[in-house]
Amino acid sequence: MKRLLLILAFLASPVWAVQPDEVLDDPVLEQRARDLSTGLRCLVCRNESIDESNADLARDLRLLLRERLVAGDTDDEAIKFIVDRYGEYVLLRPTSSGANLVLWLAGPIMLLIAAGLGWNFVRKRSNAQQSTGGEALTDTEKERLEQILKD
Amino acid sequence: MITELGHFTLILAFLVAIVQTVFPLIGAGYRWTGWMKFGETAAIAQFALVSFSFGALVWAFMTSDFSLRIVVENSHSLKPMLYKISGTWGNHEGSMLLWVLIVALFGAMAAFFGAGLPPTLKARVLSVQAAIGVAFYAFILFTSNPFDRLIVAPFDGQDLNPLLQDPGLAFHPPFLYLGYVGLSMAFSFAVAALIEGRIDAAWGRWVRPWTLAAWIFLTIGIALGSWWAYYELGWGGFWFWDPVENASFMPWLLAAALLHSAIVVEKREALKSWTILLAIIAFGFSLIGTFIVRSGLLTSVHAFANDPERGVFILFILVIFIGGALTLYAARAQAMEAKGVFGMVSRESALVLNNILLAVSCFVVFFGTMWPMVAEMAFDRKLSVGPPFFNAAFTPFMIALGIALPVGAMLPWKRGKIAKAAYSLRFAFVLAVALALLVWAMQTGRSALGPAGLFLGAWITFGAAVDLWSRTGRKGNLSRLFRLPGADWGKAVAHTGLGVTMFAIAGLTAWEVEDIRVAQPGKPFDVGQFTFTLEDVRRVEGPNYFSTMAEVLVEKDGRPVATLYPEKRDYPVARMPTTEAAIDYRFLRDVYVVIGDQQADGGWVMRTYIKPLANWIWGGCILMALGGFISLSDRRFRVAAGARKAPSGGVPAE
């Protein structure tokens, strides 16, 4: 229970996220920083981006990110700088390298399989003859079914 | 005393459930009427017993009986009565008791309303439903007993997590559980049909109302949770793709798929074995949801009572029920041959497409939710899968669904022509495009997201209207509209709700305005079209918290719009601060103000958001649920459910 409270405390403390003193003067740069920080995870929180989190670490990361952008890094360079120091875990949008390819391709592949199965099923249905008709049902059943369907 | 009685009736309910699992099943096998009938009596008795038990626990919370462990851990004598009651299910043990209460409730309802069911099917349904109950009674009694006593009762409790002390969240879990557990009914029907070895149109008709009810409750439960997150967590987010949210969203997607495939079973006697499989998997995802929330396997914002031992127990339940059902399915599925014949272009094919999109999108959510665990165990990579992934991988399915929906809904059964359906939808299409272009022209230099969302929403909404209109006949006889079956109206309303929600999510994401600054008292500042003035900040004392409350005047064109009171609260017993955003709700937009810490120069940190269409998100959900209710009220369901014309012994042996 105490652990739970502790965990929730991270989430619950007033959510301050970006503080006014962190905001960069250049609005274009600031917007880039905001966009990038929604994709970076606050490492001590549960499933929150550093843009939303009020944890000290998130603030440090936001400041670090802005520092890099002000220093002239491109988006990719700034992200790489942080990933090099904090690990892949910090990325909320997983990379598509190596095994992660499976993650990104799982949906499209599954869609293809499902579409293939569905297509096959529908084609079979449209070719099937209406021969198997009511044979599986006995007369009393048919009568009852009709009664129900009529109501 | 009442507590002991509650504990005792819970054990009794456990025993009754065991008996209810065994006897009707054997009775159905040998056609012994008495044994089959016993299932109904047992189902109602079991429900009565577990209701008493739950009532006893609620009573313990209402009277703040601090000799009970979970009351101490989750309640406080100063807490308002509503939250004392909702505290009953605001913790692991109590919520499991609520869960099993609902399992018993659905069983009792099947016994009560199922007069038209063939006796063997009914007996088997009640037996399977009771088996689910047995597993969860055992889970509660052996690993998480809510009636645990403390030897020395403390003077007062540790208070419920203040974030949960909120009307939105008081009712969020019961609705969600009604939805999760409602799917157990579809599961029981599926397994009973597999044991029985046959499915017909009537089966589809019996399953659909239960699935529909479960889906309605899930819709309401998810909407309440997301609304709560919107106003309570303090930055107006409404969906985070958190594992626990996904856990409730996956059954919702599958329930929606099941709802539609059961229509095909009912009307056309096709898709039978797929529908059975879907019913099994949908309930499987409900169990997975329970497992995710309670096992501590995945990190999440609202995981509670993380305990590996309990996790293993639930995993065990999951494996036995879903594994068992799937084995049975593998053995018996061949018996479910399809009968209906239909063309490539037909309502049936459209519903197959609906099922493909919903099931695959659910698969994507599932894969993304489980991937961090898989990657860590199999590839030794510690990584995160967050909102950016889900937005990119999931959204395309919903867009495809939205585009196809109006056309599919207009196609006739058996055989149709896309061109004909598209032709009748031409006005809906033109109107939707025109609206989107208008908005595109009005907004300057922004993303295409807003107009695209508007197009999709308008397309679905107008499509639903055209669908209804087409039912009035050639002369446009309006009085026919009111004589349409509830199912038709329900379909139109629920689809409109989906369109509204899609539009709202796109609009809010595209047009939101945010402002962060240090506000000086008395100095106005502009955000969007509004002028804000921080008038005053004062200390206020609530029943179980202290608050720093700001007074913010909102003006537009020099005229006052609203006065908002955002708060920062501190709950001393739970030792937790919370933010209470102040929101001015309007039809087209919300103004959302949050107050923060005081700065050295005397100003206060203030965050201001203009959130267009925020209410529409939940308005759409309400419409979806309403559509479900209208469909549920369709006379055909009631006739089927309550029919007493069934000739006794009219169901042949298989």
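Residues numbered from 1 in each chain as written. Chains lettered and ligands numbered in written order. Predicted model: local features only at pLDDT ≥ 70, side-chain atom pairs only at ≥ 80, totals over all residues.

**Student:** Please give an account of the overall build of chain A that cites residues and values.
**Tutor:** Regarding its fold elements, chain A presents six helices and zero strands. Counting from the amino terminus, chain A carries its helices and strands in the arrangement α-α-α-α-α-α. Going through the 151 residues of chain A one by one, you find that 30% of them count as buried. (Helix = DSSP H or I, 4+ residues; strand = E, 2+ residues; numbered from the N terminus. Buried ≥ 20, exposed ≤ 12 C-beta atoms within 10 Å, placed from the backbone.)

**Student:** Quick rundown of the nonpolar core? Include the residues and the values.
**Tutor:** All names here are of chain B. In terms of nonpolar packing, the biggest core is built from 219 residues, with Val100, Ala186, Leu254, Ala255, Ala279 and Ala282 touching the most fellow members. With 19 residues, helix α8 (residues 201–232) is the largest single contributor of residues to this core. The residues contacting alanine 186, other than those within four sequence positions of it, are Val207, Trp210, Thr211, Ala214, Leu258, Ala279, Ala282 and Phe283. Among the nonpolar cores identified, the runner-up in size contains 19 residues, and Ile583, Val591, Tyr592 and Ile595 belong to it. (Core = buried A, V, L, I, M, F, W, Y, C linked by C-beta atoms within 7 Å. Contact = placed C-beta atoms within 7 Å.)

**Student:** I'd like a description of the sheet that holds strand β1 (residues 513–519) of chain B, backed by residues and values.
**Tutor:** Residues and elements named next belong to chain B. Taken together, the four strands give an open sheet; going across it, the order is β1-β10-β9-β8, and neighbouring strands pair in antiparallel fashion. The sheet terminates laterally at β1 and β8 (582–585), the two strands that pair on one side only. Strand-to-strand twist across the sheet, computed as the mean angle between neighbouring axes with direction ignored, equals 15°. Note that β1 and strand β10 (residues 604–612) share seven bridges and pair antiparallel. Paired with isoleucine 516 across the bridge in β10 is arginine 607. (Pairing = 2+ DSSP bridges. Axes fitted to C-alpha atoms, helices over the stretch in contact; angles between N-to-C directions.)

**Student:** Can you tell me about the environment of Val125(B), naming the residues and giving the values?
**Tutor:** Residue placement: Val125(B) occurs in helix α6 (residues 119–143). Given 32 C-beta atoms within a 10 Å radius, Val125(B) is considered buried.

**Student:** Outline the domain arrangement of chain B, listing residues and values.
**Tutor:** How big an interface is tends to be expressed through the accessible area that disappears when the partners come together. Residue and element names in this part refer to chain B. Taken domain by domain, chain B comprises domain 1 (1–162), domain 2 (410–512 + 616–622) and domain 3 (514–614). For domain 2 versus domain 3, the distance between C-alpha centres works out to 37 Å. Residue assignment for the side of domain 2 that touches domain 3 shows that the elements contributing at least two residues are α18 (486–511) and α19 (614–632). Classifying every residue of the side of domain 2 that touches domain 3 by side-chain character gives five nonpolar, one polar and one charged. (Domains from an automatic or database assignment. Nonpolar A, V, L, I, M, F, W, Y, C, P; charged D, E, K, R; others polar.)

**Student:** Could you give an account of unusual backbone geometry, with specific residues and numbers?
**Tutor:** Residue and element names in this part refer to chain B. The phi angle at arginine 31 is positive, at roughly 60°, despite the residue not being glycine. Tracing the chain through its elements places arginine 31 in the loop between α1 (2–30) and α2 (33–62). Unusually for a residue other than glycine, aspartate 380 sits at a positive phi of about 55°. With 8 C-beta atoms counted inside 10 Å, the residue aspartate 380 sits in the exposed group.

**Student:** Give a detailed account of α8(B), specifying residues and quantitative values.
**Tutor:** Side chains of residues three or four places apart in an α-helix project in the same direction, reflecting 3.6 residues per turn. Between its terminal C-alpha atoms α8(B) stretches 46 Å, which fits the 46 Å expected from 32 residues at 1.5 Å a residue. With 29 of 32 residues buried, α8(B) is to be regarded as a mostly interior element. (Expected span 1.5 Å × (residues − 1).)

**Student:** Describe the packing of helix α5 (residues 92–113) of chain B against α6(B), listing the residues and the values that go with them.
**Tutor:** Residues and elements named next belong to chain B. One way to put it is that α5 packs onto α6 with a least axis distance of 10 Å and a crossing angle of 165°. When the interaxial angle is binned, α5 and α6 end up roughly antiparallel. Viewed along their axes, α5 and α6 form a crossing whose handedness is left-handed. Taking contact as the criterion, the partners of Met96, Leu97, Trp99, Val100, Val103, Ala104, Phe106, Gly107, Ala110 and Ala111 in α5 are, on α6, Val125, Leu126, Gln129, Ala130, Ile132, Gly133, Phe136, Tyr137, Phe139 and Ile140. Grouping the amino acids of the contact of α5 with α6 by side-chain chemistry returns 17 nonpolar, three polar and no charged. (Parallel < 35°, antiparallel > 145°, perpendicular 65-115°, else oblique. Left-handed = near helix turned anticlockwise from the far one by under 90°.)

**Student:** An account of the pairing of strand β9 (residues 589–598) of chain B is requested, with residue identities and associated values reported.
**Tutor:** Residues and elements named next belong to chain B. Of all ten residues making up β9, eight are buried, and the element is well covered by its neighbours. Here four bridges tie β8 to β9, and the two strands are oriented antiparallel to one another. In the strand pairing of β9, aspartate 584 is matched with valine 591. Counted between consecutive antiparallel strands, the loop separating β8 from β9 contains three residues.

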